[in-house]
Amino acid sequence: MEKLLEMAKKVCDKAEVYSIDYIYNPVTFEDAKLHDIESKFQSGISLRIIKNGKLGFAYTKNLINREEILQNALDSIKGEVEASYDFPLTKELPKLDTYNPSVENLSTTKMVEECARVCDILRSKTDGEISITSSTYIEDIHIINSKGTDVSQKGTFYGIYGGVIYPGSASAIWRIFISKKFEKLPDDIVNEIIELYTLSSNVVETKGGKMKVMFMPNSMHTLNGRIFSGTSSKSIYEKISPVADKIGEKIFNEKITIYDDSLNDKYPGARAFDDEGVRCKPLTIIENGILKSFYYDLNYATKLNAESTGHGYKVLQWGGEQITLKPIPALAHMTIKPGKKSFSELVKSIDRGIIIEGALGAHSGNIPNGDYSVGVNPGLYVENGEIIGRVKDAMIAGNIYETLKYVIDIGDTLHPSFIGLGDYNAWVPAILFDNLSVATKY
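Anyway, here's the lowdown on the structure attached to this text.

**What to know about the pairing of strand β3 (residues 40-51)**
Step number 1: Sheet topology places strand β1 (residues 14-30) next to β3; 11 bridges connect them, and they run antiparallel. Following the sheet pairing, Tyr22 is matched in β3 by Gln42.
Step number 2: Of the pairings in the sheet, the one linking β3 to strand β4 (residues 54-60) comprises 7 bridges and is antiparallel in character. Residue pairing in the sheet places Lys51 in a bridge with Lys54 of β4.
Step number 3: A loop of 2 residues connects β3 with β4, the two strands running antiparallel in sequence, and Asn52 in this loop sits at a positive phi of about 55°.

**Section: the packing of helix α3 (residues 108-125) against helix α4 (residues 187-199)**
Step number 1: Packing of α3 against α4 leaves a shortest axis separation of 10 Å and a crossing angle of 30°. Taken together, the axes of α3 and α4 are roughly parallel relative to one another. The handedness of the crossing between α3 and α4 comes out as right-handed. Touching Arg117, Ile121, Leu122 and Lys125 of α3 are Asp187, Val190, Ile193, Ile194 and Thr198, all from α4.
Step number 2: Its residues placed into classes, the contact of α3 with α4 shows 5 nonpolar, 1 polar and 3 charged.

**Considering empty space enclosed by the protein**
Step number 1: Here the structure, examined in full by the defined rule, presents 3 cavities of 30 Å³ or more.
Step number 2: Roughly 60 Å³ of volume is contained in the largest cavity.
Step number 3: Contributing to the lining of the largest cavity are Ile20, Tyr22, Gln42, Ser43, Gly44, Lys61, Glu321, Gln322 and Ile323.
Step number 4: Within the residue set of the lining of the largest cavity, elements represented by two or more residues are β1 and β3.

**Quick look at a negative patch on the surface**
Step number 1: A contiguous patch of negative charge, built from Glu30, Asp31, Asp36, Glu38 and Glu129, is present on the exposed surface.
Step number 2: Of note, Asp31 is situated in the loop between β1 and β2 (33-37).

**What to know about the pairing of strand β8 (residues 209-215)**
Side-chain direction in a regular strand flips from residue to residue, so the side chains alternate between the two faces of the sheet.
Step number 1: Burial analysis of β8 places 5 of its 7 residues in the buried class, which makes it a mostly covered element.
Step number 2: Judged from the 6 bridges that link them, β8 and strand β24 (residues 431-439) form a sheet pairing that is antiparallel. Paired with Phe215 across the bridge in β24 is Ile431.
Step number 3: Pairing between β8 and strand β15 (residues 352-356): 4 bridges, direction parallel. Within β15, the residue paired with Val213 across the bridge is Ile354.

**Points about the pattern of salt bridges**
Step number 1: Per the stated rule, a full pass over the model turns up 21 salt bridges.
Step number 2: Close ionic contact of Glu287 with Lys292 constitutes a salt bridge, the shortest N to O distance being 3.8 Å.
Step number 3: Owing to a relative accessible area of 38%, Glu287 belongs among the partly exposed residues under this scheme.
Step number 4: Three or more residues joined by partner-sharing salt bridges are found here, namely Glu16, Arg48 and Glu276.

**Some words on the packing of aromatic side chains**
Step number 1: The full count for this structure, using the stated rule, is 12 aromatic pairs.
Step number 2: Arranged with centres 5.0 Å apart and planes meeting at 50°, the rings of Tyr161 and Trp174 form a pair that is tilted. Highlighted residues: Tyr161 in strand β6 (residues 150-165) and Trp174 in strand β7 (residues 172-179), separated in sequence by 13 residues.
Step number 3: When its relative accessible area of 37% is taken as the criterion, Tyr161 is described as partly exposed.
Step number 4: Through successive ring pairs, a cluster of aromatic residues spans Phe215, Tyr372 and Phe433.
Step number 5: Above the face of the Tyr18 ring, Lys314 is positioned so that its terminal group lies 4.6 Å from the ring centre.
Step number 6: The residue whose ring lies beneath Arg390 is Tyr166, and the NZ or CZ to ring-centre distance is 3.8 Å.

The rules behind each value
Residues numbered from 1 in each chain as written. Predicted model: local features only at pLDDT ≥ 70, side-chain atom pairs only at ≥ 80, totals over all residues. Heavy atoms only, no water. Pairing = 2+ DSSP bridges. Helix = DSSP H or I, 4+ residues; strand = E, 2+ residues; numbered from the N terminus. Axes fitted to C-alpha atoms, helices over the stretch in contact; angles between N-to-C directions. Parallel < 35°, antiparallel > 145°, perpendicular 65-115°, else oblique. Left-handed = near helix turned anticlockwise from the far one by under 90°. Contact = heavy atoms within 4.5 Å. Nonpolar A, V, L, I, M, F, W, Y, C, P; charged D, E, K, R; others polar. 1 Å grid on protein atoms, 1.4 Å probe; cavity = no way out; pocket = protein on both sides within 12 Å on 5 of 7 lines; lining within 4 Å. Points joined across faces, edges and corners; volume = space filled by probe spheres on them. Patch = residues over 30% accessible without salt bridge, like charges linked within 9 Å, V, L, I, M, F, W, Y side chains within 5 Å. Areas by Shrake-Rupley, 256 points an atom, 1.4 Å probe, with all protein chains shown as cover. Salt bridge = Lys/Arg side-chain N within 4 Å of Asp/Glu carboxyl O. Lys, Arg positive; Asp, Glu negative; His and termini not counted. Charge placed at Lys NZ, Arg CZ, Asp CG, Glu CD. Buried < 20%, exposed > 50% of the residue type's maximum accessible area, 1.4 Å probe, protein only. Phe/Tyr/Trp six-rings, centres within 6.5 Å; stacked < 30°, edge-to-face > 60°. Lys NZ or Arg CZ within 6 Å of the ring centre and 35° of its normal.

Interpretation note: all reported values are geometric properties and have no functional meaning in isolation.
In structure tokens, the structure reads:
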């Protein structure tokens, strides 16, 4: 890396070398039987250069020929992509607890035994198809640049994901559990899968209309992705955010507080610096419903005459291989502040409504505008405070800037939730809304 940086500095104004190594080991059970065991090792280096205010970028997964990757980056400057920003000089980062060596020594046999244990419990209590995947992920990131920044961090991740599929369908009750080290899937999560599956086994035919709707963490990516879009400096610069001029204004219900805290090493994936080497710090996006700030990477901070908030990550919405990507603004550690109601208390407060366990098509619709229209898969139907079955072929549609005004209450527990950023997750509670439009075929 150092040699490549020195070579780049001789022919460019500014340069950055980014390196990532990762090991990914998943174990998959399908129909409660061992289906697959994989082990994937990837490493790569990307080079970002700035010359005469233009950006060059190249990457390689095998750094054998430094001249070649440098020439590729120089050639890409011909694309005339403007880059008026500078790389940071970052020193004295906070020390985070992101690495647990036990994950590197975790045997495949132990992961198989854990998946089999969970499958046995679920199979003994339900009549559905059991699907479970556990995995380990070990990541080592190193960034150096022409300003003198030299930062690195290693992290470990263990996760188990799966649940019970209703017979004859692709719909399931599933949960995800993640940690920095191996832990058995907690009993309360296993029991919740069994209870919700059992209560929703019968299909209910009901009319649609306006009703109470609870988004579970598994379906919250419907809202997460649109919050991500609306508060991004990229959206502000491109003039596609409907809240671009609403800093200091109330845009959501006062129960909603959203922040991004990459330094919180209670969870796996904490980061002391972003993928541009900028020091990370907590950032409040929404506080009691009031829009407090947008988030920035180096590029869009410069375009908007602001400072980077340490949110430049090599991600692409709905996936992408890190080493091949240039950083963009990203809420990679988004959290919605939990409330005080348990899940059962939220359910009891529903006279008639639907619990959205899963959502299909969350990536479609006018995301920058906040519009969503998703298939409910599955939707648990509630009457008089009790789950009495599940609805099929239902849709829910709305706009997050309206939906998030109708918050009845918020669950008291944070769960990992997808945000559509590859390996990164949000942490969110269940949220109960009022007066949302649900369409059914009856």
